[in-house]
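# Observations on chain architecture
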Amino acid sequence: MISLPTPPSRAPRRHRPSTVQRALTTSAAAAALAAVPGAPAVAGLPLHAAAPAVATPRVVPAPASLRALSGVSFTLTRRTRIVVRPGADRAGTYLAAILRRSTGYPLPISRTGGTAGAIALSLTGGGGGEAYRLSVRRDAVRLSSGTPTGLFRGLQTLRQLLPPAVESATVRPGPWSVPGVEVDDAPRFAWRGTMLDVARHFFTVAQVKRYIDTAALYKINVLHLHLSDDQGWRIAIPGWPRLASYGGSTAVGGGPGGHYTERDFAEIVRYAAQHYMTVVPEIDGPGHTNAALASYAKLNCDGHAPPLYTGTDVGFSSLCIGKPVTYEFLDAVLGRLAKLTPGPYLHIGGDEAMSTKPADYAEYLRRVAAIVRRHGKTLSGWADIGAATVPRGSIAQYWQPAKGSEKGTETARAAVRKGARLVMSPADHAYLDMKYTASTPLGQDWAGLVEVRDAYAWDPGTLLDGVTDKDVAGVEAPLWTETIVTDRNIDYMTLPRLPAVAEIGWTPQTGRSWNDFRVRLAAQGPRWTALGRAFYRSPQVPWPAR
Ligand code: IFG
């Protein structure tokens, strides 16, 4: 647990330490003096004044273990080098790009040389997923992990230990000090996701990349893209051109819509992989399919294509379960997406199929599960699939409000009984399109109002009776976009709640408390400002004075 820090606006004014102060700055000397009971501080020189004013560590998600080393800090200078051991080159290049841009320092990357005066990145042979160790001492910063993914996660922690100005896109004055810490970190859950609904409103590749940048700051490792719905089809599929050209031509409210070419989708996958994020594409069905049904009359049981839909109702559409062409369509779509998706999962939706008879829904799930398997992928779906076929090892995404929706909870437990693991996205905690308060200008409120504390104060391992950590693959924060149109809208609804859900996915439950989190979250505000993110200044969070 990190001790509550002084908000940066009231941090002691930085001064030039005198010779005596410098002498005392060494933690050994300070510790020795402090260890002598009753030892007087040197005349007029209280001990704590000796160390340079360096913000105390406030990291989100909170590392599993972080020990602050008082009076110790590492300061970047124009002589600082980045030393990369074999396998850490990509991490070095990524870190250098961020630091050079805001410090203006050369920060050469070298594969040889000692670590003194350097930021040293090294891959240990240990393996071990996303775990990493970070040591910040006066003489060097040392980050190590068994995997490049772990190094990347550790770099997010290092970024947050530097002043907010390090996130600036232009050179800013220093000093660039990092508080001394010993961090030994690893995530609680393997699946820490966010979903972007690009169907209700379309977002360009650049906008998706910008969202990936934001999510990567908080060690998010899954990007679920909701690619199709009643209001829009967003991915071009060879052999089925009208899906994108016509089914993707509009959006909620009747706007111009849009779609990804296969190259666009590959670029999103590439950029996500650069941030060690797995893309999970979703083709929702059998409900939420009006855009596909409007594009091809033959997909409809009556042979007639409905008009394009630009409203916000749900549950009125269904693929035609009994027609063979439906499964030719699904095989073409899911087969293509499987080829374009290096990640192991295809999400087949399955939610709110109110216009599909239960027996037809079961038949649909059986058929689509076979298609997913045939293309070598693992099935993911909204937890409604628990009522039907769920191949062992599937992912069922729990989404109903935890309070008062017995049906949603029952299908989630049914999915677990059938061998699925849950990704927890309870709408009354994790839905980023829920209004914060009644006066929030964007979003919906059917699952209730979700302020930052509501997004943070829940435990996926105890939320549902009968569901414990072993049944849970992780958490995911969906952003549905019926009311979300611009980057600023995305920022406002996702910051600060996405970091809250990210911490639930990463930090051990015993290491989490709202009172500690809200202070660490406050330190993110100046970072989002430096990054140009228009976040919601929740009154629940003690933001530094502007
Ligand atoms: N429920 C629908 C979404 C979206 C959402 C908005 C799920 C799984 C309400 N299905 O959430 O399509 O409309 O909050």
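Below you will find a few notes about this structure.

### Here's the deal with the site of the ligand
Taken together, the neighbourhood of the ligand is formed by 14 residues, with R200, Y431, D433, W446 and E482 sitting nearest. For the ligand, a nitrogen atom lies 3.2 Å from a polar atom in the side chain of E352. Take W446: an N or O atom from its side chain is 2.8 Å from an oxygen atom of the ligand. The protein chains hide 96% of the 350 Å² of surface that the ligand would expose on its own. Across the shell around the ligand, the residue classes tally to 7 nonpolar, 2 polar and 5 charged.

### Side note on the side chain of D230
Within the fold, D230 resides in the loop between β9 (222–226) and α6 (242–245). Although D230 lies buried, it forms no salt bridge, and the closest oppositely charged side chain, R200, sits 5.5 Å away as judged by the N-O distance. Here S317 takes part through its side chain, which lies 2.6 Å from a polar atom of the side chain of D230.

### Concerning the packing of aromatic side chains
Within a pair of aromatic rings, the relevant descriptors are the distance that separates the centres and the angle that separates the planes. All chains considered together, the criterion is met by 21 aromatic pairs. An angle of 50° between the planes, with centres 6.1 Å apart, marks the rings of Y456 and W514 as tilted. Here W514 lies in helix α16 (residues 514–522) and Y456 lies in helix α13 (residues 452–456), a separation of 58 residues in the sequence. For Y456, a relative accessible area of 1% gives the class buried. Here W528 and F535 contribute two aromatic rings whose centre-to-centre distance is 5.0 Å and whose plane-to-plane angle is 65°, an arrangement assigned as edge-to-face. One exposure class covers both W528 and F535, and it is buried. By way of ring pairs, the aromatic residues W382, W399, Y431, W446 and W480 are connected into one cluster. The positively charged end of K219 is found above the aromatic ring belonging to W506, 5.5 Å away from the centroid. Over the ring of Y456 we find R512, and its NZ or CZ is 4.7 Å from the ring centre.

### Here we look at the sheet that holds strand β2 (residues 81–84)
Here we have 7 strands laid out as an open sheet, ordered β1-β7-β5-β6-β4-β2-β3, and mixed in their pairing. Among the strands making up the open sheet, the edge pair consists of β1 (65–76) and β3 (109–110). Two strands pair when backbone bridges link them, and β1 and strand β7 (residues 176–185) are joined in this way by 8 bridges, in the antiparallel orientation. Paired with T75 across the strands is S177, a residue of β7. Each of β1, β2, β3, β4 (118–123) and β7 is contacted by helix α3 (residues 89–103), which is oriented at about 170° to β2, the strand it contacts most.

### A short note on the nonpolar core
Note that soluble globular proteins tend to have their nonpolar side chains buried in a common cluster. Among the nonpolar cores identified, the biggest contains 148 residues, and L76, I119, L225, W233 and F329 are the most heavily contacted of them. Tallying contributions element by element places helix α9 (residues 324–340) first for this core, with 9 residues. Leave out the neighbours within four places in its chain, and L225 touches L196, V198, V208, F265, I268, V279, V280, P281 and E282. If you look at the next biggest cluster of nonpolar residues, it comprises 7 residues, including V222, Y345, I395 and A473.

### Digging into the packing of α16 against helix α17 (residues 524–531)
The N-to-C vectors of α16 and α17 enclose an angle of 30°; their axes lie 4 Å apart at closest approach. Considering the angle they form, α16 stands roughly parallel to α17. Together, R520, L521 and A522 of α16 and Q524, G525, P526 and W528 of α17 make up the contact between the two elements. Residue classes in the contact of α16 with α17 are distributed as 4 nonpolar, 2 polar and 1 charged.

### Here we look at the pairing of strand β14 (residues 421–424)
Where strand β13 (residues 395–398) meets β14, 4 bridges bridge the pair, whose relative direction is parallel. Within the sheet, the bridge partner assigned to I395 lies in β14 and is R421. Both β14 and strand β15 (residues 472–479) contribute to a ladder of 3 bridges, which runs parallel. In the strand pairing of β15, V423 is matched with G474.

### Digging into the environment of I212
In this fold, I212 is placed in helix α5 (residues 205–216). With 56 residues separating them along the chain, I212 and I268 place their C-alpha atoms 9.1 Å apart. Excluding anything up to four places from it in sequence, I212 contacts L223, I268, Y271, A272, H275 and M277.

### A closer look at the pattern of salt bridges
All told, the structure shown has 27 salt bridges when counted by the stated rule. The salt bridge partner of E167 is R527, with a shortest N-O separation of 3.9 Å. Of this pair, E167 sits in the loop between α4 (148–161) and β7 while R527 sits in helix α17; the two residues are 360 residues apart in sequence, bridging distant segments of the chain. A single burial state applies to E167 and to R527, both of which are buried. Residues R520 and E503 are paired through a salt bridge, measuring 2.8 Å at the closest nitrogen-oxygen approach. Here the residue R520 occupies a position in helix α16, and E503 occupies one in helix α15 (residues 497–506), the gap between them amounting to 17 residues. The pair R520 / E503 is uniform in exposure class, with both members buried.

### As for helix α10 (residues 358–374)
Look at α10: 24 Å from first C-alpha to last across 17 residues, which is about the 24 Å you get at 1.5 Å a residue. Of all the residues in α10, the buried ones are Y361, Y364, L365, V368, A369, I371 and V372. Seen from one end, α10 has its buried residues packed into an arc of 160°, which puts them on one side. Residues of α10 that are exposed and angled more than 90 degrees away from the buried face: A359, R373 and R374. Its buried side turned inward, α10 meets β10 (278–285), α9, β11 (345–349) and β12 (378–382).

Reading the values: the criteria
- Residues numbered from 1 in each chain as written.
- Predicted model: local features only at pLDDT ≥ 70, side-chain atom pairs only at ≥ 80, totals over all residues.
- Heavy atoms only, no water.
- Near = heavy atom within 4 Å.
- Polar contact = N/O pair within 3.5 Å; in protein donor to acceptor, adjacent residues only side chain to side chain.
- Areas by Shrake-Rupley, 256 points an atom, 1.4 Å probe, with all protein chains shown as cover.
- Nonpolar A, V, L, I, M, F, W, Y, C, P; charged D, E, K, R; others polar.
- Helix = DSSP H or I, 4+ residues; strand = E, 2+ residues; numbered from the N terminus.
- Buried < 20%, exposed > 50% of the residue type's maximum accessible area, 1.4 Å probe, protein only.
- Lys, Arg positive; Asp, Glu negative; His and termini not counted.
- Salt bridge = Lys/Arg side-chain N within 4 Å of Asp/Glu carboxyl O.
- Phe/Tyr/Trp six-rings, centres within 6.5 Å; stacked < 30°, edge-to-face > 60°.
- Lys NZ or Arg CZ within 6 Å of the ring centre and 35° of its normal.
- Pairing = 2+ DSSP bridges.
- Contact = heavy atoms within 4.5 Å.
- Axes fitted to C-alpha atoms, helices over the stretch in contact; angles between N-to-C directions.
- Core = buried A, V, L, I, M, F, W, Y, C linked by side-chain atoms within 4.5 Å.
- Parallel < 35°, antiparallel > 145°, perpendicular 65-115°, else oblique.
- Expected span 1.5 Å × (residues − 1).
- Arc of directions from axis to C-beta.

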